[in-house]
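# Fold and geometry: a report
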Amino acid sequence: MTTITVTVNGVRYTSEVEPRLLLVHYLREHLNLTGTHIGCDTSQCGACVVHINGVSVKSCTTLAVQCDGAEITTIEGLAHNGQLHPLQEGFWEKHGLQCGFCTPGMIMAAADLLKRNPNPTDEEIRHGLEGNLCRCTGYENIVRAVRYAAEKMAATQAAD
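Residues numbered from 1 in each chain as written. Predicted model: local features only at pLDDT ≥ 70, side-chain atom pairs only at ≥ 80, totals over all residues. Heavy atoms only, no water.

## A few points about unusual backbone geometry
- In this structure, N9 takes a positive phi of about 55° despite not being glycine.
- Within the fold, N9 resides in the loop between β1 (2-8) and β2 (11-17).
- Although it is not a glycine, N32 sits at a positive phi angle of roughly 60°.
- Secondary-structure assignment places N32 in the loop between α1 (23-30) and β3 (49-52).
- Given a relative accessible area of 60%, N32 falls into the exposed group. (Helix = DSSP H or I, 4+ residues; strand = E, 2+ residues; numbered from the N terminus. Buried < 20%, exposed > 50% of the residue type's maximum accessible area, 1.4 Å probe, protein only.)

In structure tokens:
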């Protein structure tokens, strides 16, 4: 067993984990944060995307021990004070989800994209989400949801 200390969604945790434990299993089974989904275990689908030190990473191919000392944000950590993140709101308002399985990973990947590029074109949104698969929506509403969030975030920033 190996001791790790991580900060997840602003809360610090110290845990004993097996060195081979995947981050996605640590989050789901040790911390009961089940918003991060397990889709493929091969880094193909993107349902497991979280942020590690501000960068989107597929947690199904990241070992928990690799995250010792890291700050991790999951889908549960995006909303603040009961207020949905603009991406969460955008997926709701623009029907960017159907079954919802891919949604947490899509939102986390899109949050990273918007941090790097706050005003992406539709093509840049599609490129930014390339590592995330959705079998339901055809992606058009997902692109609309990300554009909605980008516009809302820009308007909020302009008002501040």
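Still more to cover.
## Remarks on the sheet that holds strand β4 (residues 55-58)
- Spatially, β2-β1-β5-β3-β4 is the arrangement adopted by the five strands of the open sheet, whose pairing is mixed. Two strands lie at the open edges of the sheet, namely β2 and β4, each paired on one side alone. Sheet twist, expressed as the average angle between the axes of neighbouring strands with direction ignored, equals 40°.
- Set on the sheet, α1 makes contact with β1, β2, β3 and β5 (71-73); between it and β2 the angle comes to about 105°.
- Helix α3 (residues 103-116) contacts β3, β4 and β5 of the sheet and is inclined by roughly 40° relative to β3. (Pairing = 2+ DSSP bridges. Axes fitted to C-alpha atoms, helices over the stretch in contact; angles between N-to-C directions. Contact = heavy atoms within 4.5 Å.)

## Quick word on the side chain of T62
- Assignment of secondary structure puts T62 in the loop between β4 and β5.
- Only 3.0 Å separates the side chain of T62 from the backbone oxygen of K58, close enough to count as a polar contact.
- In this structure T62 touches L21, L22, L23, I52, V57 and C67, once residues within four positions along its chain are discounted. (Polar contact = N/O pair within 3.5 Å; in protein donor to acceptor, adjacent residues only side chain to side chain.)

## Considerations on helix α5 (residues 140-159)
- When the terminal C-alpha atoms of α5 are compared, their 29 Å separation across 20 residues agrees well with the 28 Å that a helix rising 1.5 Å per residue should span.
- I142, V143, A145, V146, A149 and A150 are the residues of α5 that are buried. The arc that holds the buried residues of α5, viewed along the axis, is 160°, so those residues lie on one side. Summarising the geometry of α5, the exposed residues directed more than 90 degrees from the buried face are E151, A158 and A159. (Expected span 1.5 Å × (residues − 1). Arc of directions from axis to C-beta.)

## Regarding the domain arrangement of the protein
- For the protein, the assigned domains read domain 1 (2-77) and domain 2 (86-159).
- The C-alpha centroid of domain 2 is placed 22 Å from the C-alpha centroid of domain 1.
- In this assembly, 18 residues from domain 1 lie in contact with 14 residues from domain 2.
- Summing the contributions of domain 1 and of domain 2, the shared interface buries around 1200 Å²; its carbon and sulfur component is 58%.
- Its largest share of buried area at the contact with domain 2, domain 1 owes to H37, H51 and I75, together 38% of the area lost on that side.
- Across the contact surface, domain 1 and domain 2 share zero salt bridges.
- The interface formed by domain 1 and domain 2 contains seven residue pairs in polar contact (both at pLDDT 80 or more).
- Looking at the side of domain 1 that touches domain 2, the elements with two or more residues in it are β3 and β4. (Domains from an automatic or database assignment. Buried area = accessible area lost by both parts, 1.4 Å probe. Salt bridge = Lys/Arg side-chain N within 4 Å of Asp/Glu carboxyl O.)

## So, the nonpolar core
- Within the largest apolar cluster, 23 residues are counted, with the highest numbers of intra-cluster contacts made by L87, F91, M106, L129 and V146.
- Of all the secondary-structure elements, those providing two or more residues to this core are α2 (86-93), α3 and α5.
- When residues of this core are assigned to their parent elements, the largest contribution, eight residues, is made by α3.
- Setting aside its immediate chain neighbours within four residues, V146 contacts L87, F91, A110, L114, I125 and L129.
- If you look at the next biggest cluster of nonpolar residues, it comprises 16 residues, including V8, V17, L21 and V50. (Core = buried A, V, L, I, M, F, W, Y, C linked by side-chain atoms within 4.5 Å.)

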